[in-house]
Amino acid sequence: QGFINFNFKIKGDIMKIISIYSRKGGCGKTTISFHLCKNLDNSFYLTNDDDGGEIVIEKLGPNKASVIKNKIPKTMDYLIYDGGGFVDDISLKFLLNSNSIIIPSNLENRSLRSARKVISELIENHRVNADKIIVVINRYKEHPKSEEEKAIVKSIFPEIKNIIYIRDTKLLENMINDNLNFDDFKGKYPLYKTFTTKLEQEFNLLIDLIK
């Protein structure tokens, strides 16, 4: 079956569906979605708009996004779904048909508990394979307790084999404001090239899991 309001089938028209999902705001969900779209070839960004839950698809090209409402491109390699809040029918359909589900969090207790609850519901209530789930710890600050913190995170998500850490930096937001991927940002701001390259290496760990 196709998605609600969609005129395409899940299999065939797209290669992979990637869902980024969180019930808690401020954990970097949209930031991850943007950078996946900008750094994966032939990818499209999808979310529900604020006007009645209508499906909106965007191609994040060089001239900002071009909006495609209820009209699906004939082919795409990646469909990136930016979903949040409580699971509704549309969100659940995306999550259950995703090739990868990214659950972002930070190291605050509330954020970690929220991520833990979502993962438990997906695995226990909806029988989602844990291998499809990737936990991304955002705004990670390196300091002497970092290895201890990583051990704590692993204990919270013992069934999740893929846990990615992306450090705390404004560069990811700056790239969104400039509508640039990593390579273009390094070309435009050569002074940040070294740090941007290190950040790109962290983010590429996530991209490699998705490809």
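Quick note: structure is the one above.
This is a predicted model, so every value here is computed, not measured.

**Focus: helix α3 (residues 109-126)**
One turn of the α-helix equals 3.6 residues, which is why residues spaced by three or four share an orientation.
Part 1 of the reasoning: The first and last C-alpha atoms of α3 sit 25 Å apart over 18 residues, in line with the 26 Å expected at 1.5 Å per residue.
Part 2 of the reasoning: All of the buried residues in α3 are Ser111, Leu112, Ser114, Ala115, Arg116, Val118, Ile119, Ser120 and Leu122.
Part 3 of the reasoning: One or two steps after α3, the chain reaches arginine 127, where phi turns positive at roughly 55°.

**A closer look at unusual backbone geometry**
Part 1 of the reasoning: The backbone phi angle of arginine 127 is positive, close to 55°, even though this residue is not glycine.
Part 2 of the reasoning: With respect to the helices and strands, arginine 127 occurs in the loop between α3 and β7 (133-140).
Part 3 of the reasoning: Phi is positive for asparagine 179, which is not a glycine, with a value near 55°.
Part 4 of the reasoning: Within the element layout of this structure, asparagine 179 appears in the loop between α5 (171-178) and α6 (182-188).

**Some thoughts on the packing of aromatic side chains**
Part 1 of the reasoning: Per the counting criterion, the structure on display carries 5 aromatic pairs.
Part 2 of the reasoning: Measuring from ring centre to ring centre gives 6.5 Å for tyrosine 189 and tyrosine 192, while their planes differ by 70°; the resulting arrangement is edge-to-face.
Part 3 of the reasoning: Assessed through its relative accessible area of 43%, tyrosine 192 is described here as partly exposed.
Part 4 of the reasoning: Taken together, the ring pairs in this structure connect Phe185, Tyr189 and Tyr192 into an aromatic cluster.
Part 5 of the reasoning: Above the face of the tyrosine 165 ring, lysine 150 is positioned so that its terminal group lies 5.2 Å from the ring centre.

**Focus: the pairing of strand β8 (residues 162-167)**
Part 1 of the reasoning: The buried count for β8 comes to 5 of 6 residues, which makes it a mostly enclosed element.
Part 2 of the reasoning: Alignment of β7 against β8, held across 5 bridges, turns out to be parallel. From the neighbouring strand, valine 135 faces β8, where its bridge partner is isoleucine 163.

Reading the values: rules and limits
- Residues numbered from 1 in each chain as written.
- Predicted model: local features only at pLDDT ≥ 70, side-chain atom pairs only at ≥ 80, totals over all residues.
- Heavy atoms only, no water.
- Helix = DSSP H or I, 4+ residues; strand = E, 2+ residues; numbered from the N terminus.
- Expected span 1.5 Å × (residues − 1).
- Buried < 20%, exposed > 50% of the residue type's maximum accessible area, 1.4 Å probe, protein only.
- Phe/Tyr/Trp six-rings, centres within 6.5 Å; stacked < 30°, edge-to-face > 60°.
- Lys NZ or Arg CZ within 6 Å of the ring centre and 35° of its normal.
- Pairing = 2+ DSSP bridges.

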